[in-house]
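An overview of the molecular structure
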Amino acid sequence: MNPEHFFEIKSCDLAGRIANLRTKSSQFETPALLPVIHPLRQSISCKDIQKMGYDAVMTNAYTIYSKSSQESKRGVHEILDFKGSIMTDSGGYQVLEFGSVDVSPEEMARYEEQIGSDIAIILDKPTGLEATRKIAKETVEETLRAARSTRQVLTRDDMIWTVPVQGGKYLDLVRRSAKLSSTLDYDCFALGSPVEVMEEYDFSLLVDMIDSAKRNLPSNKPFHLFGAGHPLILPLAVALGCDMFDSASYMLYAKKDRYISTSGTIRLSQLEYLGCPCQVCSSYNANELKKTNKEERTILLARHNLEALQQTMREIKQAIWEGRLWELVSTTTRKHPKSFEAYKLALGSYNGPNSAFASGTPRFKERGLFILDETDLARPEVARHRAYMKNIDLKLKTALLILPETRTKPFLKSDIFEEVSKIIFGRGLSDTILAVYVCPNYGLVPAEISDIYPLSQTMTASEQYPEEDFVLHSKKWERICLLSTNAAWDKCGGWLTNQFSKYFKVDERNLRISSSPQQPNRAIGTRISRSKSYRSFKKMIRSL
């Protein structure tokens, strides 16, 4: 199937994207979670699942193959009584559990074609979390061999075929598996063997595995994460570039009397209130739900869990659409130490103006940015601004005017800049003087670009400043004039003095400088002067 037609991306934020995925049976929107359905016994019918908003499900083709030869003649859609898209596993889970299955990859592929899967997975060799490096390498090679041999026997061109990326915790093997898989003619890729990692709450390893795979796979094809059905990890996984998920967690948790919420899972025995508007929670209170018999309670909890997971996916898509996926991930991951640890790891792996986070983040958004703490300084919009500043040509500028931050946004519309610009332009000094203002989180910002997103569209609770400022150290300044009242100096004076001290020898009593032993050639002839009042500051400007 041609990826240009079956996977159409509509909106992006970070590495997450909303897309239409078209199969031979239907079209559904990603990111999407596919509930795992047992093909021969359904506790909740597929019709009911589709009414909840699920347009795609996953089932196990190997189970049909091994348990019921008669059922296979009807086709997978008739077996499940489902008109949407069906993804089929080919027995990889059984291989991970039992070591092998009594069918070859080629035979299994022919069978998936026979039952009419929409999205089919080749019969792979999962790595597993406990695998030694030798075994992990063997699983990578066996899966690649299966992918090549399967490709030779396929006859239908209306199915989407998926290759799992293996390697487990050995990230170099994951990269090799992804790189070689990307050279094969397949429509979709998946991360193999993550279920055990998520069961151990090792979300940091999961981030590394996703990152290692995604960097070596084509970006125009969907990426599937096996077994992800926990609301704590779904927003982060989408932000890292995962498009599809499958999970039986809704039923597995229900059987253990566990209730899925946006904060994770909660034991029913610990619930006093049901904080969800779904049909189950609207019809029962916590005590009534506890009193139902085990079988009925399991079904009720499973229905609620499905609704809760669907709500999570809707929130993720809405966040992408509004350009606030960063905020959602930041809020969600803070609900558990392990997920927050993984979030901070992702900031390091995906940071920078050319990172995967930045490539999918629009340059301009209709919403402003919220900077709540230092972790938000890693977001792509801030990294882009810093990269942009390094490309500004300051060759003709000889004097630097540093102005305090104002409440007026953008800064170029502030009263102080209007007054200063009259002097600068009135004296014909606009080509030699650079006027900047001190901005929390961004450092020294040229006034002329203060209306460029996101400078005037940022709301901050953080008064932190960058470790270095490009404007100060980018060239040799002949004169630096600083307007700073006592209040403004108390706010950012320490940071400014520290920046000056990196490149100049500073007398902090009056901020007059001489040549610096660290940067002697850049500091010679430079004068820094500070004024505490606007009247004397105007005199300094006129003296330039």
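Below, the structure is looked at part by part. (Residues numbered from 1 in each chain as written. Predicted model: local features only at pLDDT ≥ 70, side-chain atom pairs only at ≥ 80, totals over all residues. Heavy atoms only, no water.)

**With respect to the overall build of the chain**
What counts, and what does not: We count a stretch as a helix when DSSP gives it H or I for four or more residues in a row; a strand needs E for two or more, and each element gets its number in order from the N terminus. Accessible area is worked out with a 1.4 Å probe on protein chains only. A residue is then buried under 20% of its type maximum, exposed over 50%, and partly exposed in between. Whether two residues touch is decided by their heavy atoms; if any such pair falls within 4.5 Å, the residues are in contact. Note that accessible areas follow from Shrake-Rupley with a 1.4 Å probe, and for residues the cover is restricted to the protein chains shown.
When you go through the chain residue by residue, the secondary structure sums to 25 helices and 22 strands. The C-alpha extent of the chain, read off along each of the three principal axes, is 95 × 55 × 40 Å. When each of the 544 residues of the chain is scored for burial, the buried share is 57%. Excluding contacts between residues fewer than 6 apart, the proportion of contacts in the chain whose partners are at least 24 apart in sequence is 69%. Total accessible area computed for the chain in this model is approximately 24200 Å², and 48% of it derives from carbon and sulfur atoms.

**Focus: the pairing of strand S6 (residues 85-89)**
Successive residues of a regular strand alternate their side chains across the two faces of the sheet. Note the cut-off: Two strands pair under a simple rule: DSSP has to find at least two bridges between them.
Counting buried positions along S6 yields five of five residues, so the element is predominantly enclosed. Residues Ser-85, Met-87 and Asp-89 of S6 are buried on one face, and the alternating residues Ile-86 and Thr-88, pointing to the opposite face, are buried as well. When strand S5 (residues 56-60) meets S6, the two strands line up parallel, connected through five bridges. Along S6, the bridge assignment pairs Val-57 with Ile-86.

**As for unusual backbone geometry**
Note: most residues except glycine have negative phi, and most peptide bonds are trans. Residue Pro-410 is bonded to the preceding Lys-409 through a cis peptide linkage, with omega at -5°. With respect to the secondary-structure elements, Pro-410 resides in the loop between strand S15 (399-403) and helix H21 (415-426). The amide bond that connects Tyr-453 to the next residue, Pro-454, takes the cis arrangement and shows omega of 10°. Looking at the secondary structure, you find Pro-454 in the loop between strand S17 (443-446) and strand S18 (458-460). In this model, Leu-14 sits at a positive phi of 50°, which is unusual for a non-glycine residue. Topologically, Leu-14 is positioned in the loop between strand S1 (7-13) and strand S2 (16-22). Take Leu-14: its relative accessible area is 3%, and that puts it in the buried class. Even without being a glycine, Tyr-201 presents a positive backbone phi close to 60°. On the basis of relative accessibility, which here comes to 25%, the residue Tyr-201 falls in the partly exposed class.

**A look at the nonpolar core**
One recurring pattern in soluble globular proteins: nonpolar side chains tend to sit buried together. This is how it is decided: Remark: nonpolar core denotes a set of buried residues (Ala, Val, Leu, Ile, Met, Phe, Trp, Tyr, Cys) joined through side-chain atoms within 4.5 Å.
Core analysis: the largest hydrophobic core is formed by 102 residues, its most contacted members being Ile-210, Leu-225, Phe-245 and Leu-325. For this core, the leading source of residues is helix H16 (residues 294-322), giving 10 residues. If we skip the residues at most four places from it in the chain, Leu-325 touches Asp-13, Leu-14, Gly-16, Pro-235, Ala-239, Ile-316, Ala-319 and Ile-320. Among the nonpolar cores identified, the runner-up in size contains 46 residues, and Leu-377, Ile-416, Trp-477 and Leu-483 belong to it.

**Digging into the sheet that holds strand S3 (residues 27-30)**
Rules: Axes here refer to lines fitted to C-alpha atoms; in helices the fit is confined to the stretch in contact. Angles between the N-to-C directions go from 0 to 180 degrees.
Here three strands make up an open sheet; going across it, the order is S1-S2-S3 and the pairing antiparallel. Only two strands of the sheet have a single partner each, and these edge strands are S1 and S3. Here the average twist between neighbouring strands, direction ignored, is 10°. Two elements, S1 and S2, share six bridges in a ladder whose sense is antiparallel. Paired with Cys-12 across the strands is Arg-17, a residue of S2.

**Examining the packing of aromatic side chains**
Both the distance between ring centres and the angle between the ring planes are used here to describe each pair of aromatic rings. Note the threshold: Pairing of aromatic rings covers Phe, Tyr and the six-membered ring of Trp, with a centre-to-centre limit of 6.5 Å; geometry is then stacked below 30 degrees between planes, edge-to-face above 60, and tilted otherwise.
Applying the stated rule across the entire model yields 10 aromatic pairs. Taken together, a centroid distance of 4.3 Å and an interplanar angle of 10° make the contact between Phe-411 and Tyr-437 stacked. Residue Phe-411 is located in the loop between S15 and H21, and its partner Tyr-437 is located in strand S16 (residues 433-439); the two are separated by 26 residues in the primary sequence. Phe-411 sits in the buried class, given a relative accessible area of 2%. Both rings, one in Tyr-465 and one in Trp-495, keep their centres 5.0 Å apart while their planes meet at 20°; by these two values the pair is stacked.

**Focus on the pattern of salt bridges**
Heads up, the rule is: Salt bridge, as used here: a side-chain nitrogen of Lys or Arg that lies within 4 Å of a carboxyl oxygen of Asp or Glu.
Going through the model one piece at a time under the given rule, you end up with 22 salt bridges. Measuring nitrogen to oxygen at the nearest pair gives 3.6 Å for the salt bridge that ties Lys-47 to Asp-81. With a gap of 34 residues between them, Lys-47 in helix H2 (residues 46-51) and Asp-81 in the loop between helix H5 (76-80) and S6 connect regions that are remote in the sequence. Here Glu-405 and Lys-491 are joined by a salt bridge, their closest N and O atoms 3.0 Å apart. Taken together, the residues span a long stretch of sequence, with Glu-405 in the loop between S15 and H21 and Lys-491 in helix H23 (residues 486-503) at a distance of 86 residues. For Lys-491, a relative accessible area of 42% gives the class partly exposed.

**Focus on the side chain of Lys-397**
For the record, the criterion: Throughout this description, a polar contact denotes any pair of N or O atoms lying within 3.5 Å of each other; where both atoms belong to protein, one of them has to be capable of donating a hydrogen while the other can accept it, and for residues adjacent in sequence the pair is counted only when both atoms sit in side chains.
Within the secondary structure, Lys-397 sits in the loop between helix H20 (380-390) and S15. In terms of polar contacts, Lys-397 uses its side chain to reach the backbone carbonyl oxygen of Ile-433, at 3.4 Å.

**A word on the sheet that holds S6**
Strand order in the open sheet formed by eight strands is S4-S11-S10-S9-S8-S7-S6-S5, with parallel pairing between adjacent strands. Where the open sheet ends on each side, the last strands, each with one partner, are strand S4 (32-35) and S5. Along the sheet, successive strands turn relative to each other by an average axial angle of 25°, direction set aside. Inspection of the sheet shows strand S10 (residues 223-225) paired to strand S11 (residues 244-247) by two bridges, in the parallel sense.

**Topic: the packing of helix H11 (residues 203-214) against helix H18 (residues 337-349)**
Rules: Working rule for angles: under 35 degrees goes down as roughly parallel, over 145 as roughly antiparallel, 65 to 115 as roughly perpendicular, anything else as oblique. Here is the rule for handedness: rotate from the far helix to the near one, and if that takes an anticlockwise turn smaller than a right angle the crossing is left-handed, while a clockwise turn gives right-handed. Here the term charged refers only to Asp, Glu, Lys and Arg, the term nonpolar to Ala, Val, Leu, Ile, Met, Phe, Trp, Tyr, Cys and Pro, and the term polar to all other amino acids, Gly among them.
Two numbers describe how H11 lies on H18: the axes approach to 8 Å, and their chain directions differ by 30°. In terms of their interaxial angle, H11 and H18 are classed as roughly parallel. Crossing handedness for the pair H11 and H18: right-handed. Counting all contacts with H11, which are made through Phe-203, Ser-204, Val-207, Asp-208 and Asp-211, the residues of H18 involved are Lys-338, Ser-339, Glu-341, Ala-342, Leu-345, Ala-346 and Ser-349. Within the contact of H11 with H18, the residues separate by chemical class into five nonpolar, three polar and four charged.

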